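# Architecture at a glance
Below are the chains, spelled out letter by letter.
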Amino acid sequence: MNSLNISGEAGSSEIFLNGKLDDLNRFIKNRKTCIITDENVHHFYKDQFPSDIPIIVVPAGENSKTIESAGSIHRKLVELEMDRGSLLIGIGGGVITDLTGFVASTFLRGIAFGFAATTILAQVDAAIGGKNGVNLDGYKNLVGIIRQPEFVLIAADTLSTLPREELVNGMAEVIKCGLIADIELFNILADAAKNENPFKHTDLALVCGMAAKVKVDVVNIDVFEKGVRRHLNLGHTLGHAIEKLKKIPHGFGVSAGIIAAAKISIKEGLISKDVLKVITETLGGYGLPLSYNITAADAMDAILKDKKRKADKINLVLLENIGKATVKPFGFTELENALVEALK
Ligand SMILES: NC(=O)c1ccc[n+]([C@@H]2O[C@H](COP(=O)([O-])OP(=O)(O)OC[C@H]3O[C@@H](n4cnc5c(N)ncnc54)[C@H](O)[C@@H]3O)[C@@H](O)[C@H]2O)c1
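The shown structure was predicted, so the numbers you read here are calculated from the model rather than taken from an experiment. Counting of residues starts from 1 at the beginning of each chain's written sequence and follows it residue by residue. In view of the model being predicted, local features appear only for residues whose pLDDT reaches at least 70, and side-chain atom pairs are presented and counted only at 80 or more, with totals across whole chains, interfaces and linings using the full set of residues.

Turning our eyes to something else, we now look at the pairing of strand β3 (residues 33-38). The burial criterion counts other C-beta atoms lying within 10 Å of a residue's C-beta, which is placed from the backbone; the residue is buried at 20 or more, exposed at 12 or fewer, and partly exposed between these limits. The secondary structure listing takes helices from DSSP runs of H or I that are at least 4 residues long and strands from runs of E that are at least 2 residues long, numbered from the N terminus. Counting buried positions along β3 gives six out of six residues, so the element sits mostly inside the fold. Burial along β3 is two-sided: the residues T33, I35 and T37 and C34, I36 and D38 are all buried. By definition, two strands form a pair when at least two bridges between them are found by DSSP. Sheet analysis places β3 next to strand β5 (residues 87-92), joined by five bridges and oriented parallel. Note on β5: the bridge partner recorded for I36 is G90. Examined bridge by bridge, β3 and strand β4 (residues 55-58) share four bridges and lie parallel to one another. Of the residues in β4, the one forming a bridge with I36 is I56. Here, the term right-handed applies to a crossover whose path from the first strand over the helix to the second runs clockwise when the strands point away from the viewer. Where the polypeptide runs from β3 across helix α2 (residues 39-45) and back to β4, its parallel neighbour, the crossover connection is right-handed.

Here it is in structure tokens:
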């Protein structure tokens, strides 16, 4: 298995590409271990989990990523007599990796943890980079910590059971990674997207590995999101707003957000209409939505409620080319005006 490394102030992490759930055994190293997973992943893969290890199964979905559910897992860890030398393994999508990382980082002031990532979104984004958190009172990721998992196994062998909508949802982040930093990745995806069923023509282990590398490289430069890590937010400022307003999956909002960011990039004289065309064809080819019917005023309102807002400017990620992103601060009125055009 090829692996990548993250190291920095928040700890170090080894990310294993194109892995199998069976590989998990090698990370346990005689430690007292507990697995956290959700009911869907448990249903499909329990027989491939490392044997003779207690398993905590939570309901599938975002509602399990709360401070209450973290608290109830903490209590189970006490019952299981987990100690400072113990290991927690989260097997699942981003909900499970975020929850496991948060629980492990707060139990006994921090025990070791690792992940087997089983959704595209977790494999290229959520499991990598050390951001662990839970939601509070409807606000996403409001309580959390940056701390690296000891290992991340990209469980490529689990994607075959992922529902179609989750595959499509995750592809938004894969395409985004190509757009911000890897033209070769983007070109592979753009070619596959020309087919009627692009997933048939996509080597998911390969493209998820390439996208994971983009995230690893960015996090290695900027673990605390002060500079280049912001590039990972391409499409996310508007994407989060649409996600909230329309109650749609994250990747769908990001896709429409990328299109709006590309339109604003044209307006700023950074890219040509041809670049927007190929981005549109690639996102659309994978079944991702390109726009939603919302007004610039509503979008702005939702953006301003987002916790990532800083001072009186909003940093928007734009494209200078395929494979190259940049950040431009916008005043509120300036951004709303730009959105009037970009949301058309
Ligand atoms: N920490 C970060 O940096 C970061 C980055 C991006 C997103 N996130 C978080 O990730 C979460 C979303 O992650 P997600 O999209 O993976 O959601 P998820 O974990 O809810 O998984 C989506 C669905 O797929 C099911 N599933 C998972 N693996 C499966 C498999 N192999 N086969 C069949 N079904 C499977 C799950 O049970 C669930 O129903 C959000 O909470 C988001 O905030 C975190």
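Having put the structure on the table, let's press on.
Turning our attention to the sheet that holds β3. In space, the seven strands of this open sheet follow the order β1-β2-β9-β6-β5-β3-β4, with mixed pairing throughout. Of all strands in the sheet, those bounded by a partner on one side alone are β1 (3-8) and β4. This sheet shows a mean twist of 15° between the axes of neighbouring strands, independent of strand direction. Two strands pair when backbone bridges link them, and strand β2 (residues 11-19) and strand β9 (residues 151-155) are joined in this way by four bridges, in the parallel orientation. Directly across from G19, in β9, lies its bridge partner A155. Helix axes use the C-alpha atoms of the stretch in contact, all axes being lines fitted to C-alpha atoms, and the angles between their N-to-C directions lie in the range 0 to 180 degrees.

A word on the nonpolar core. Among soluble globular proteins, nonpolar side chains are generally buried collectively. As used throughout, a nonpolar core is a set of buried Ala, Val, Leu, Ile, Met, Phe, Trp, Tyr and Cys residues joined through C-beta atoms within 7 Å of each other. By size, the foremost hydrophobic cluster in this structure holds 107 residues, and its most contacted members are V152, L153, I154, V174, A211 and A261. Two domains each put at least three residues into this core: domain 1 (3-160) and domain 2 (164-342). The contact criterion used is a C-beta to C-beta distance within 7 Å, with each C-beta placed from the backbone. Once residues lying within four places of it in the same chain are set aside, the contact partners of A211 are V124, E173, V174, C177 and L185. Domain segmentation is taken from an automatic or database assignment of domains.

In this analysis, the expected span of each helix is defined as 1.5 Å times one less than the number of residues it contains. Along its 18 residues, helix α6 (residues 164-181) runs 26 Å from first to last C-alpha, staying within 8% of the 26 Å computed at 1.5 Å per residue. Counting buried positions along α6 yields 14 of 18 residues, so the element is predominantly enclosed.

Let's shift gears to the pairing of strand β11 (residues 324-331). Bridge analysis of strand β10 (residues 313-321) against β11 gives eight bridges, and the strand direction is antiparallel. The residue bridging L316 from the neighbouring strand is K328, located in β11.

Our focus in this paragraph is the site of the ligand. Each residue receives a C-beta atom built from its backbone; the residue is near a molecule or strand if that atom lies within 6 Å of it. Taken together, 28 residues lie near the ligand, and N40, G93, G94, T119 and A126 sit nearest. For the shell around the ligand, the elements supplying multiple residues, two or more each, are α2, α4 (94-106), α5 (120-126) and β8 (139-146). Each residue gets one label: Ala, Val, Leu, Ile, Met, Phe, Trp, Tyr, Cys and Pro are nonpolar, Asp, Glu, Lys and Arg are charged, and the others, such as Gly, are polar. In terms of residue class, the shell around the ligand is built from nine nonpolar, eleven polar and eight charged.

Let's shift gears to the domain arrangement of the protein chain. One frequent convention defines the size of an interface as the accessible area lost when the parts assemble. Taken as a whole, the protein chain is organised into domain 1 (3-160) and domain 2 (164-342). Residue-level contacts link 23 residues of domain 1 with 23 residues of domain 2. Breaking the side of domain 1 that touches domain 2 down by element, the ones donating at least two residues are β1, β2, α5 and β8. Examining the composition of the side of domain 1 that touches domain 2, we find that five residues originate from one element, α5, more than from any other. Looking at the side of domain 1 that touches domain 2, its residues break down into 15 nonpolar, six polar and two charged.

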